[in-house]
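Spelled out from the first residue to the last, the chains are:
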Amino acid sequence: GMFWKHIEPNMTPRLTAAVEACYTAFAGYRLWGNIVACHCNSCMTEETEKELVRTPLRQISTELLSEYTNSAHGYDTDVIEHEFKYFLPRYLDLIAHCKPPHYMDSNTCLHRLGDANFRAAWPRHEVEAVDECLDAFVEACLSQIGLAQWPVGWRLEFEINDVIVMIATARGDVERALATW
């Protein structure tokens, strides 16, 4: 949804701590020079790839990471998973700041977590770091209960359903998210 542009993030202490814990949990992953990405006309240019590799992780912008989301296709556990785990804390950081890195549909920006089947396949401490980040994000989102007037009447300004769909697409623990709700 386009609503993300109008939302001020709610960086609660729990969410801030959870994002930091993700940077710590995934700190061992590095890029090996090139990125597995498509360079067709509608995907990432080689200049963009070089910029992504060169930019320190915490300084990667939503726009730059959106290029990766848009052009990094497929999944394997050899190279792509290592690379995705490198970027994952930045994904979660940008999502926490209500700037999901995706051009088309924000709720698909974590689809590679679903591809990875991370809950079954990754080490426990990594799974728990991601789960806590998603829980803390859901909790922070619940304070976003402002109303917006539409031609058809009133709606919540913050579309919590987008967050739930994002977690489901990532094969996150939707029941856990709903329990937090």
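A few points on the structure. What you see is a predicted model, and the numbers here were worked out from it, not measured in a lab. (Residues numbered from 1 in each chain as written. Predicted model: local features only at pLDDT ≥ 70, side-chain atom pairs only at ≥ 80, totals over all residues. Heavy atoms only, no water.)

1. A few points about a nonpolar patch on the surface
A surface patch of nonpolar side chains, about 470 Å² in accessible area, is lined by I145, L147, W154 and L156. Locating I145 in the fold gives a position in the loop between helix 7 (124-141) and strand 1 (147-150). (Patch = residues over 30% accessible without salt bridge, like charges linked within 9 Å, V, L, I, M, F, W, Y side chains within 5 Å. Areas by Shrake-Rupley, 256 points an atom, 1.4 Å probe, with all protein chains shown as cover. Salt bridge = Lys/Arg side-chain N within 4 Å of Asp/Glu carboxyl O. Helix = DSSP H or I, 4+ residues; strand = E, 2+ residues; numbered from the N terminus.)

2. Overview of helix 3 (residues 62-71)
In an α-helix there are 3.6 residues to a turn, and that puts residues three or four apart on one side. The buried count for helix 3 comes to eight of ten residues, which makes it a mostly enclosed element. Every buried residue of helix 3 is accounted for by T62, L64, L65, S66, E67, Y68, T69 and S71. On its buried side, helix 3 packs onto helix 2 (46-54), helix 4 (80-96) and helix 5 (111-116). (Buried < 20%, exposed > 50% of the residue type's maximum accessible area, 1.4 Å probe, protein only. Contact = heavy atoms within 4.5 Å.)

3. A closer look at unusual backbone geometry
In this model, C98 sits at a positive phi of 60°, which is unusual for a non-glycine residue. By the element assignment, C98 lies in the loop between helix 4 and helix 5. Here C98 falls in the buried class, since its relative accessible area comes to 5%. Backbone geometry places R171, a non-glycine residue, at a positive phi of 55°. Residue placement: R171 occurs in the loop between helix 8 (160-169) and helix 9 (174-180).

4. Side note on the packing of aromatic side chains
Across all of its chains, the model carries six aromatic pairs by this definition. With 4.6 Å between their ring centres and 45° between their planes, Y68 and F87 make a pair best called tilted. In this pair, Y68 sits in helix 3 while F87 sits in helix 4, placing the two residues 19 residues apart along the sequence. The two residues Y68 and F87 agree in class, both being buried. Aromatic rings pair up to connect F26, Y29, F118 and W122 into one cluster. Sitting over the face of the ring of Y23, R58 holds its NZ or CZ atom 3.8 Å from the ring centroid. Its end group placed over the ring of W122, K85 keeps NZ or CZ at 4.4 Å from the ring centre. (Phe/Tyr/Trp six-rings, centres within 6.5 Å; stacked < 30°, edge-to-face > 60°. Lys NZ or Arg CZ within 6 Å of the ring centre and 35° of its normal.)

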